[in-house]
Every structure is written in C-alpha cells, then in structure tokens.
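Residue strings, one per chain:
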Amino acid sequence: MKKLLHLSIFILVITTFYGCPVGIDYPLGVTGTEKINKDLLGTWVSDSPEAEVLKVKFEKNDDNSYKVTVLERGEMYALETDNLTGWVTELEGKTFLFFKPENEEKYYHYMIKEIGNGTMVTCDVSLLDGGVDAVTSTEALRKQVASSMKSPEYGAESISWTKE
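Computed from a predicted structure; not experimentally measured. (Residues numbered from 1 in each chain as written. Predicted model: local features only at pLDDT ≥ 70, side-chain atom pairs only at ≥ 80, totals over all residues. Heavy atoms only, no water.)

A look at the overall build of the protein
Logical step 1: In terms of helices and strands, the protein carries two helices and eight strands.
Logical step 2: Traced from its N-terminal end to its C-terminal end, the protein shows the element sequence α-β-β-β-β-β-β-β-α-β.
Logical step 3: Counting every position in the protein, which comprises 164 residues, the buried fraction comes to 41%.
Logical step 4: Element-wise, carbon and sulfur atoms account for 52% of the exposed surface of the protein, whose accessible area totals about 9600 Å². (Helix = DSSP H or I, 4+ residues; strand = E, 2+ residues; numbered from the N terminus. Buried < 20%, exposed > 50% of the residue type's maximum accessible area, 1.4 Å probe, protein only. Areas by Shrake-Rupley, 256 points an atom, 1.4 Å probe, with all protein chains shown as cover.)

Next up, the structure:
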C-alpha cells in the first residue's frame with residue numbers, strides 16, 4: 001500500500017511539473033520588438049501523441065507577432081482557449097517562442113532546438129535554477145533560462161513537428 005501511495009505521488013509530481021508548461025507572468029522577450037521567423041508560418045503537426053498540442057497553425061499577425069491557433073488539442077492541453085498571440089526572441093544563440101492566450105495574462109515558453117526543411121524540434125522552457133519564484137521580470141526570466149540551459153537535463157524531452 002505504501003509503495004502505491006509513493007508511486008501515485010511520484011506520478012502526480014511528474015505530470016504536474018513535466019506534463020505541461022507553466023504560465024509565467026513575464027515574457028522571455030519584449031513583445032513586438034523582434035521580427036517573426038517566416039519559417040514558422042503554416043500548419044504544424046506533432047509526432048508525439050502525448051504532446052499538449054497535436055496540430056497548430058501560425059499566421060502572420062504583423063511583422064513582429066503571430067496569430068496562433070491550436071487546431072487539435074492533446075490530452076494534457078490545459079488552456080481554455082485555442083487562440084494565442086506568439087512572438088520569437090533570441091537568447092544565448094537559441095530561438096525561443098513565447099505565447100499569450102487571448103483570455104489570460106500568462107506567457108508560455110518553448111525553445112526551438114531545430115527548424116528547417118519542413119521540420120521543427122521544440123522543447124518546453126524549464127527553470128532548473130531558481131524556478132518560477134525567481135522570475136520577477138523579463139530580465140530575471142532571461143537570466144533563469146540562460147542559467148538553466150547550462151544543465152545537461154535542459155531540453156532533454158523534445159517534440160518533433162512536421163509542416164503540412
């Protein structure tokens with residue numbers, strides 16, 4: 001019985017902290033200042049049945065942002081909307097995507113590990129150093145992500161995407 005309890009707690013912790021991204025009060029970049037990456041435009045399909053999003057469409061909103069529509073949700077999708085605004089930013093030589101759902105003030109962050117030839121590989125942004133509590137501004141978030149990227153565990157779990 002004790003083993004079952006420990007296993008249940010372990011599964012709860014894993015799905016809470018690793019199953020879906022955490023909304024953060026601050027964006028990783030300054031919204032509306034960096035040009036969109038045109039390679040992202042179009043519809044993308046995930047290869048992972050466990051992904052929060054299985055199919056997503058990126059459209060140009062303006063020169064510096066995307067209109068993002070979730071076309072197919074995964075089982076772990078936790079947002080109340082399928083409509084988001086998206087931006088890109090650069091940090092430590094890597095490209096990051098961050099999104100703001102239309103009905104909340106939180107931002108959700110992902111790193112683009114690879115993109116090209118109709119494929120993309122992304123991973124959640126993990127805060128392995130100070131955690132969410134250490135994020136008090138965009139600059140603090142950037143420092144936390146830069147520090148976390150030095151860890152060998154950072155970005156270990158990836159999702160591959162194919163452009164339709």
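Description of the confidence of the model for the protein
Logical step 1: Summary statistics for the protein give a mean pLDDT of 87 and a share of 87% for residues scoring 70 or more.
Logical step 2: Overall, residues 1–20 carries pLDDT values under 50, and its contacts beyond four positions in sequence, including any with other chains, amount to nine contacts. (pLDDT = per-residue confidence, 0-100. Contact = heavy atoms within 4.5 Å.)

Focus on the layout of surface pockets
Logical step 1: Taken as a whole, the second largest pocket holds about 410 Å³ of empty space.
Logical step 2: Contributing to the lining of the second largest pocket are 22 residues, with Glu-52, Val-53, Tyr-77, Phe-99 and Tyr-110 lying nearest its centre.
Logical step 3: Looking at the lining of the second largest pocket, the elements with two or more residues in it are strand S2 (53–62), strand S3 (65–73), strand S5 (94–101), strand S6 (108–116), strand S7 (119–124) and strand S8 (159–163).
Logical step 4: For the lining of the second largest pocket, the element with the most residues is S2, which contributes three residues. (1 Å grid on protein atoms, 1.4 Å probe; cavity = no way out; pocket = protein on both sides within 12 Å on 5 of 7 lines; lining within 4 Å. Points joined across faces, edges and corners; volume = space filled by probe spheres on them.)

Points about the environment of Thr-122
Logical step 1: With respect to the helices and strands, the residue Thr-122 is situated in strand S7.
Logical step 2: Between the C-alpha atom of Thr-122 and that of Met-111, which follows or precedes it by eleven residues, the distance is 5.5 Å.
Logical step 3: When near neighbours in sequence (up to four residues on either side) are disregarded, Thr-122 contacts Met-111, Ile-112, Lys-113, Glu-157, Ser-158, Ile-159 and Trp-161.
Logical step 4: For Thr-122, the side chain forms a polar contact with the side chain of Trp-161, separated by 2.9 Å. (Polar contact = N/O pair within 3.5 Å; in protein donor to acceptor, adjacent residues only side chain to side chain.)

A word on the packing of aromatic side chains
Logical step 1: Tallied over the full model, the rule gives six aromatic pairs.
Logical step 2: Taking the centre distance of 5.5 Å and the plane angle of 85° together, the rings of Phe-58 and Tyr-66 count as edge-to-face. By the burial criterion, Phe-58 is buried, and Tyr-66 matches it.
Logical step 3: Between Trp-87 and Phe-98 the ring centres are 5.4 Å apart and the planes differ by 25°, which places this aromatic pair in the stacked class. Of this pair, Trp-87 sits in strand S4 (residues 83–91) while Phe-98 sits in strand S5, and the two are eleven residues apart along the sequence. Comparing Trp-87 with Phe-98 shows no difference in burial state: the two are buried.
Logical step 4: In textbook terms, an aromatic cluster arises when at least three aromatic residues are bridged by ring pairs, as seen for Phe-58, Tyr-66, Phe-99 and Tyr-110. (Phe/Tyr/Trp six-rings, centres within 6.5 Å; stacked < 30°, edge-to-face > 60°.)

As for the pattern of salt bridges
Side-chain pairs of opposite charge can arise whenever the charged atoms involved come near each other.
Logical step 1: As enumerated under the stated definition, the model contains seven salt bridges in all.
Logical step 2: With a closest N to O distance of 2.6 Å, Asp-25 and Lys-106 form a salt bridge. In this pair, Asp-25 sits in the loop between helix H1 (2–18) and strand S1 (42–46) while Lys-106 sits in the loop between S5 and S6, placing the two residues 81 residues apart along the sequence.
Logical step 3: In this structure Lys-106 comes out as partly exposed when scored by relative accessible area, which is 31%.
Logical step 4: Linking Asp-63 and Lys-60 is a salt bridge whose minimum nitrogen-to-oxygen distance equals 2.9 Å.
Logical step 5: For Asp-63, a relative accessible area of 40% corresponds to the partly exposed category.
Logical step 6: Owing to a relative accessible area of 44%, Lys-60 belongs among the partly exposed residues under this scheme.
Logical step 7: Among the ionic contacts, a cluster of salt bridges with common partners joins Lys-57, Glu-59 and Lys-67. (Salt bridge = Lys/Arg side-chain N within 4 Å of Asp/Glu carboxyl O.)

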